[in-house]
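Observations on the model geometry
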Amino acid sequence: MASLAEDDQGQGASRIQNPEADDKKKKNSNMAPTSGNSIHRSSSRPQLDVSKAEIQGNFEEKHPTILLPNQSDDISHLALDLGGSLIKLVYFSRHENQSANDKRKKSMKERLGISNVNRRSYPILGGRLHFVKFETNKINECLDFIYSKQLHCGGLESHYSDNVADRNAIIKATGGGAYKFADLFKERLGVSIEKEDEMACLVSGANFLLKAIRHEAFTHMEGQKEFVQIDPNDLFPYLLVNIGSGVSMLKVDGDGKFERVSGTNVGGGTYWGLGRLLTKCKSFDELLELTQKGDNRAIDMLVGDIYGGMDYSKIGLSASTIASSFGKAISEKKELEDYRPEDISLSLLRMISYNIGQISYLNALRFGLKRIFFGGFFIRGHAYTMDTISFAVQFWSKGTAQAMFLRHEGFLGAFGAFMSYEKHGLDDLMVHQLVERFPMGAPYTGGKIHGPPLGDLNEKISWMEKFLQKGTEITAPVPMIPPGTTGLGGFEVPLSKGSTLRPDASALNVGVLHLVPTLEVFPLLADPKMYEPNTIDLSDHNELEYWFTILSEHLPDLVDKAVASEGGTDDAKRRGDAFARAFSAHLARLMEEPAAYGKLGLANLLEMREECLREFQFVDAYRSIKQRENEASLAVLPDLLMELDSMDEETRLLALIEGVLAANIFDWGSRACVDLYHQGTIIEIYRMSRNKMQRPWRVDNFDDFKERMLGTGDRKPTPHRRALLFVDNSGADVVLGMLPLARELLRRGTEVVLVANSLPALNDVTAIELPDIVAEAAKHCDILRRAAEAGDLLVDAMISPSNSSKESSTSVPLMVVENGCGSPCIDLRQVSSELAAAAKDADLIILEGMGRALHTNLNARFNCDALKLAMVKNQRLAEKLVKGKIYDCICKYEPAN
Ligand SMILES: CC(C)(COP(=O)(O)O)[C@@H](O)C(=O)NCCC(=O)O
Ligand SMILES: [Mn+2]
């Protein structure tokens, strides 16, 4: 079975489960033909397979999703690193952009000056990079996998060509197996292996990953992993140490510019070879596992053994420093059987790791290199190995150098081979265009359990169910013992060996890399390099435990909602169960190893929950709740607008901000709020919330905002040119809170861009839903109607016949743009190109809600005026952020610098 980080589905609804078709497909195509069989290959591929096509969801929708259950969405490039013990695969699958034909979106794009003609044409439309590994002795599984996914006859070029390309198909590969298995590939898959130089692949793989993935490099000291932000413009030169069977040390000066400056024959092969002879272990992993229970003092001769238990402090050696690896084994009184295999394995591991660390540092010193990155199969994300190497580098450099490791360490070669294809289009992809996602298999990658299956949704669910029956492997999150120190420090007894980490705690976790060429950095960030979206840092253990508990407690209710949103069918229940298991497994994994998937913040957890729902094809769990709340709120909107219009300017502005804060109470992600909803109707709760509004709010810069809006005395400030309103929840929040505020801005001559989620998250309103809500509201309000018309928002919506084109031409427009994400929070380093374009003319941004204004972006600085509005609907967060209490409000205004 492959160990993988692989997701096989399209975004949410792009595929549905079709067990019958899938079973058939599996029988026909999952096995690669064995030698002797004639090779069946598809003709030109991929082509659109519309058999059993179905419209999903509501038939009245204007642009319903059409599901093609039999369509393979892989248009692939495949590259391999065929190593001595592991085979690593990197492959690409592409997804077409479905929303390109949206009429409304097109007109909005034109308005924002984004014409398709002007935009860079991307060699790839976006897609995913998958990382999969197999044990080399299971090469047949690997061949079956390639065959079942037809990866061997994919490739961007052959997508449009005919069979001829297939006949000459090549796969790029590196590693010794590229020679050894070339004939097997030809025989079984009919493809030729094109061999790529191993060192060149390692370097190009490392260069790309270090430049393109934000949390690729990390340090590992005393059991603590810390991510290092690498500036892509300041990466070179560095030393790349690849620890395979032997060790190569490469001085890397740029893309394609490197030199092998040194190496050592004492490497992974030495550890495994000697270890096997000395311990009788059957596998590398078994040998490595032994170290967890080992104590090297039984075999190693320590400084203290020589100096009667004393330090040799004059030259800086503590009593527990190893003076001579295996030095105690010179004793004539003991034979091999008298030593524990655990102790032997640990001594050996430390001897080799330490030696490599030391030689690496000396080479870095020799060439004046400040950075040393370690990779190769020997490391395997093993905490103890990394700690020992780090200690050696730190010790010999007297703290001036640090060892760094790479999350994709095992895939450098395969990735480099992938990069060697021409026209893959990856060369100039940038950090903000890559989103790493961790599909359901991720919690198990690198651990004892391999899987899940690589097939369709149905297979994935069955896989989760298997564990449900066994009832062991996937458990609810358990509290982790807080990291402490043993007091010993250094490499004498690295903490990673202790009880705080499980044996494979630092096992590699690589996700699926989604390439989204249209994502951009939000242009109004004052200092994009310093920007950190998360306010809550989950590296604080108490914080982590609290939020994990909250999310676990939410789970049963969320599953109920999700299942109900899909009609409560047996199929939906099955998916609901599988979702809960998968998400719990993620939580459990992250609880044990918070940095497993990269730097972890609260926003990542909240987004992961949404992604996990999508993975099990829950399109919108809160659909009916959102609809109900929209309708109820739209019904009272006319009265609210009338009430607001009877106020003077100053009172009205205050009432509007109060309205936004009060209506932010409608948040189905907050436990406390959901409990509240049992106590009254939407309108009753809204009224109650408004009545409770009392200034000063916990953070209250309203007066400054008012001054910027209305001026003081006779001074009338110029209105803002364009305001971006990041809206949050459906129902009262958007209808009775944000829309009336938008209307006020429009009335003052400010263009308004409503920025909403691209995909559903909790009860947040999406950019697809919003125009209809605006159109409905516009029926009761001339300002909204004219603005919406001017912004082409009412393209297909019902509008009252009284509108005249003369009026609309003089109105400032109201627009809706999607933000590029599907989470309750927003990471402004990766937003949609529409939002980035809309932001260019904006001089005011309003971020609303806990997710967008508190969990993320509370500390973000902008190059324009910024207003952050939210009700704090969580007691602990209120205490922590503002020393306040639940339902306190935040009105934080920060004028442009
Ligand atoms: C998920 C949320 C950020 C959504 O809040 P919103 O942005 O809608 O104001 C928030 O509901 C939340 O942090 N909930 C978890 C904590 C709790 O149940 O109290
Ligand atoms: Mn929300």
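Residues numbered from 1 in each chain as written. Chains lettered and ligands numbered in written order. Predicted model: local features only at pLDDT ≥ 70, side-chain atom pairs only at ≥ 80, totals over all residues. Heavy atoms only, no water.

Where an unreviewed UniProt entry is consulted, the chain appears under the name Pantothenate kinase 2, with the organism given as Acacia crassicarpa. You can read under Pathway (unreviewed entry) in the UniProt record for the chain the words "Cofactor biosynthesis; coenzyme A biosynthesis; CoA from (R)-pantothenate: step 1/5." (UniProt positions renumbered as here; feature names shortened; annotations may be inferred.)

**Observations regarding the overall build of the chain**
If you tally the helices and strands in the chain, you get 29 helices and 26 strands. Relative to all contacts within the chain whose residues are 6 or more apart in sequence, the contacts with residues 24 or more apart total 75%. Taken as a whole, the chain presents about 36,600 Å² of accessible surface, with 51% of it coming from carbon and sulfur. (Helix = DSSP H or I, 4+ residues; strand = E, 2+ residues; numbered from the N terminus. Contact = heavy atoms within 4.5 Å. Areas by Shrake-Rupley, 256 points an atom, 1.4 Å probe, with all protein chains shown as cover.)

**Description of the coordination of the manganese ion (ligand 2)**
Distances from the manganese ion (ligand 2) to its protein donors, namely Asp728 (OD), Asn729 (OD1) and Asp764 (OD), fall within the range 2.0 to 2.1 Å. As a motif over one chain, the donors of the manganese ion (ligand 2) read D-N-x34-D. Placement of the pair is Asp728 in the loop between strand S21 (722–726) and helix H23 (732–747) and Asp764 in the loop between strand S22 (751–756) and helix H24 (770–778), with a sequence separation of 36 residues. (Donors = N, O, S within 2.8 Å, 3.2 Å for Na, K, Ca; no water.)

**Points about the nonpolar core**
The biggest cluster of nonpolar side chains holds 151 residues, and the ones touching the most others in it are Phe522, Leu724 and Leu754. Formed by 63 residues, the second largest nonpolar core is a distinct cluster that contains Leu78, Leu82, Ile139 and Ile171. (Core = buried A, V, L, I, M, F, W, Y, C linked by side-chain atoms within 4.5 Å. Buried < 20%, exposed > 50% of the residue type's maximum accessible area, 1.4 Å probe, protein only.)

**Description of the site of ligand 1**
Around ligand 1, a shell composed of 17 residues is seen, among which Asp667, Gly851, His855, Lys873 and Asn874 lie nearest. Here an oxygen atom of ligand 1 and a backbone polar atom of Arg671 are 2.9 Å apart. Contacts to ligand 1 include Asn874, whose side-chain N or O atom sits 2.8 Å from an oxygen atom. Taken by itself ligand 1 offers 480 Å² of open surface, and the protein chains cover 99% of this. Elements with a contribution of two residues or more to the shell around ligand 1: helix H15 (541–565) and helix H28 (850–855). Taken together, the residues that form the shell around ligand 1 break down as four nonpolar, nine polar and four charged. (Near = heavy atom within 4 Å. Polar contact = N/O pair within 3.5 Å; in protein donor to acceptor, adjacent residues only side chain to side chain. Nonpolar A, V, L, I, M, F, W, Y, C, P; charged D, E, K, R; others polar.)

**So, the side chain of Lys88**
Tracing the sequence through the fold places Lys88 in strand S5 (residues 86–94). Here Lys88 occupies a buried position and makes no salt bridge, while the nearest side chain of opposite charge, Asp81, is found at 4.0 Å. Separated by 3.4 Å, the side chain of Lys88 and the backbone oxygen of Leu86 make a polar contact. Those residues in contact with Lys88 that sit more than four places away from it in its chain are Ala79, Leu80, Asp81, Val132, Lys133, Gly410, Phe411 and Ala414. (Lys, Arg positive; Asp, Glu negative; His and termini not counted. Salt bridge = Lys/Arg side-chain N within 4 Å of Asp/Glu carboxyl O.)

**Thoughts on the packing of aromatic side chains**
Evaluated as defined, the whole model comprises 26 aromatic pairs. A centroid spacing of 4.9 Å and a plane angle of 25° characterise the contact between Phe208 and Phe415, whose relative ring orientation is stacked. Taken together, the residues span a long stretch of sequence, with Phe208 in helix H7 (residues 198–212) and Phe415 in helix H13 (residues 412–419) at a distance of 207 residues. According to the relative accessible area criterion, Phe208 is buried, its value standing at 7%. The exposure class of Phe415 is buried, given its relative accessible area of 0%. (Phe/Tyr/Trp six-rings, centres within 6.5 Å; stacked < 30°, edge-to-face > 60°.)

**Observations concerning a nonpolar patch on the surface**
A contiguous nonpolar patch, built from Ile306, Tyr307 and Met310 and spanning about 320 Å² of accessible area, is present on the exposed surface. Turning to its location among the elements, Met310 is positioned in the loop between helix H10 (303–306) and strand S15 (322–324). A relative accessible area of 54% places Met310 in the exposed class. (Patch = residues over 30% accessible without salt bridge, like charges linked within 9 Å, V, L, I, M, F, W, Y side chains within 5 Å.)

**A closer look at empty space enclosed by the protein**
Going through the model one piece at a time under the given rule, you end up with six cavities of 30 Å³ or more. Space inside the largest cavity adds up to approximately 100 Å³. For the lining of the largest cavity, the element with the most residues is helix H17 (residues 602–615), which contributes four residues. Every residue lining the second largest cavity is listed: His554, Asp557, Leu558, Lys561, Arg609, Tyr622, Trp668, Gly669, Val674 and Leu762. Looking at side-chain class alone, the lining of the second largest cavity contains five nonpolar, two polar and three charged residues. (1 Å grid on protein atoms, 1.4 Å probe; cavity = no way out; pocket = protein on both sides within 12 Å on 5 of 7 lines; lining within 4 Å. Points joined across faces, edges and corners; volume = space filled by probe spheres on them.)

**Focus on helix H8 (residues 268–279)**
In this model H8 runs 16 Å from its N-terminal to its C-terminal C-alpha over 12 residues, within 8% of the 16 Å that 1.5 Å per residue would give. Those residues of H8 that sit buried are Gly268, Tyr271, Gly275 and Thr279. Angular distribution of buried residues about the axis of H8 spans 60°; they occupy a single face of the element. On its buried side, H8 packs onto strand S11 (238–243), helix H9 (284–290) and helix H11 (341–367). Just past H8, the residue Lys280 takes up positive phi, approximately 65°. (Expected span 1.5 Å × (residues − 1). Arc of directions from axis to C-beta.)

**Quick word on unusual backbone geometry**
With an omega of -5°, the peptide bond running from Phe236 to Pro237 counts as cis. Looking at the element boundaries, Pro237 is found in the loop between strand S10 (224–228) and S11. The phi dihedral of Asn857 is positive, around 75°, even though this residue is not glycine. The residue Asn857 is located in the loop between H28 and strand S25 (865–871) in this model. Classification of Asn857 as buried rests on a relative accessible area of 0%.

**Some points on the sheet that holds strand S12 (residues 247–254)**
Hydrogen bonding along the main chain pairs the strands of a sheet, whether they run parallel or antiparallel. Reading across from one edge, S10-S9-S17-S16-S11-S12-S13 is the order of the seven strands in this open sheet, with mixed pairing throughout. A strand with exactly one partner marks an edge of an open sheet, and here the two such strands are S10 and strand S13 (257–264). The average undirected angle you get between the axes of adjacent strands in this sheet is 30°. Bridge count between S11 and strand S16 (residues 371–375): four bridges; the pairing is parallel. If you follow Val241 over to S16, its bridge partner there is Phe374. (Pairing = 2+ DSSP bridges. Axes fitted to C-alpha atoms, helices over the stretch in contact; angles between N-to-C directions.)

**A few points about the sheet that holds S25**
Read across the sheet, seven strands follow the order S20-S26-S25-S24-S21-S22-S23 without closing on themselves; strand pairing throughout is mixed. Edge positions in the open sheet fall to strand S20 (699–700) and strand S23 (814–818), since each of these has one partner strand only. Of the strand pairs in this sheet, strand S24 (residues 844–848) and S25 are connected by five bridges, and their pairing is parallel. Residue pairing in the sheet places Glu848 in a bridge with Leu869 of S25. Relative to the sheet, helix H19 (residues 649–663) contacts S24, S25 and strand S26 (889–894), its axis offset from that of S25 by approximately 45°.

**Notes on the side chain of Ser832**
You can see Ser832 is positioned in the loop between S23 and helix H27 (833–839). Given a relative accessible area of 5%, Ser832 falls into the buried group. Within polar-contact distance, the side chain of Ser832 engages the backbone nitrogen of Leu835 at 3.0 Å. In contact with Ser832, not counting residues within four places along its chain, are Thr518, Leu519, Glu818, Asn819 and Gly820.

**Some words on the state of the cysteines**
Under the defined criterion, the tally for this structure stands at zero disulfides. A disulfide-free cysteine, Cys612 has its sulfur positioned 16 Å from the sulfur of Cys825, the nearest such atom. Free cysteine: Cys864, not disulfide-bonded; nearest cysteine sulfur from Cys891 at 16 Å. Given a relative accessible area of 3%, Cys864 falls into the buried group. (Disulfide = S-S within 2.5 Å.)

**Observations regarding the packing of H8 against H11**
Running from N to C, H8 and H11 point in directions that differ by 160°, and their axes come no closer than 10 Å. In terms of their interaxial angle, H8 and H11 are classed as roughly antiparallel. Seen along the crossing, H8 lies across H11 with a hand that is right-handed. Of H11, the residues touching H8 (which contributes Thr270, Tyr271, Leu274, Gly275, Leu278 and Thr279) are Pro341, Ile344, Ser345, Leu348, Leu349 and Ile352. Residue composition of the contact of H8 with H11, grouped by class: eight nonpolar, four polar and no charged. (Parallel < 35°, antiparallel > 145°, perpendicular 65-115°, else oblique. Left-handed = near helix turned anticlockwise from the far one by under 90°.)

**Focus on helix H18 (residues 623–645)**
With 23 residues, H18 extends 32 Å from end C-alpha to end C-alpha; this agrees with the ideal 33 Å at 1.5 Å per step. Turning to H18, its buried residues are Ile625, Lys626, Glu629, Asn630, Ser633, Leu634, Leu637, Leu640, Leu641 and Leu644. Against the buried residues of H18 lie H15, H19, helix H21 (682–691), H23 and H24.

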